[in-house]
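# Structural features, examined
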Amino acid sequence: MDLTIPYTFYPVALPHWIAWTLFTLAILGGLAIGLSQRSRYGWLRVAVAATVSTLGCLVVTVIASMVITFFMHDQ
């Protein structure tokens with residue numbers, strides 16, 4: 001994969017509905033992971049877990065968008 005081609009810029013080359021769907025799923029996934037810590041730990045732990053897991057989910061969606069745009073535009 002040639003990373004100098006502009007299709008690797010996360011939401012720019014994707015259709016908007018795919019980019020927003022990936023972003024929404026990442027945010028909801030991070031919040032769900034953070035809230036799952038609620039019963040065992042305090043709210044600070046929930047906030048840290050939600051932030052870290054949301055950032056991790058966003059990294060995964062960036063990689064997924066790179067793969068999706070590669071297969072959409074490289075024909």
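Residues numbered from 1 in each chain as written. Predicted model: local features only at pLDDT ≥ 70, side-chain atom pairs only at ≥ 80, totals over all residues. Heavy atoms only, no water.

Attention now goes to the overall build of the chain. Along the backbone of the chain there are two helices and zero strands. Classification of the 75 residues of the chain by burial places 27% in the buried group. Restricting to contacts in the chain with at least 6 residues of sequence separation, those with at least 24 account for 58%. Here the chain displays about 5,200 Å² of accessible surface, and carbon together with sulfur accounts for 75% of that area. (Helix = DSSP H or I, 4+ residues; strand = E, 2+ residues; numbered from the N terminus. Buried < 20%, exposed > 50% of the residue type's maximum accessible area, 1.4 Å probe, protein only. Contact = heavy atoms within 4.5 Å. Areas by Shrake-Rupley, 256 points an atom, 1.4 Å probe, with all protein chains shown as cover.)

Before going further, it helps to examine the side chain of serine 53. In this structure, serine 53 sits in helix H2 (residues 43–73). The class for serine 53 is buried, based on a relative accessible area of 12%.

Turning to the environment of valine 62, a few remarks are in order. As for its placement among the helices and strands, valine 62 is situated in helix H2. C-alpha of valine 62 to C-alpha of phenylalanine 23: the two residues are 39 residues apart in sequence and 9.0 Å apart in space.

What follows is about the side chain of threonine 54. Here threonine 54 lies in helix H2. A relative accessible area of 12% means that threonine 54 is categorised as buried. Among residues more than four places away in sequence, those in contact with threonine 54 are Ala26, Ile27, Gly30 and Leu31.

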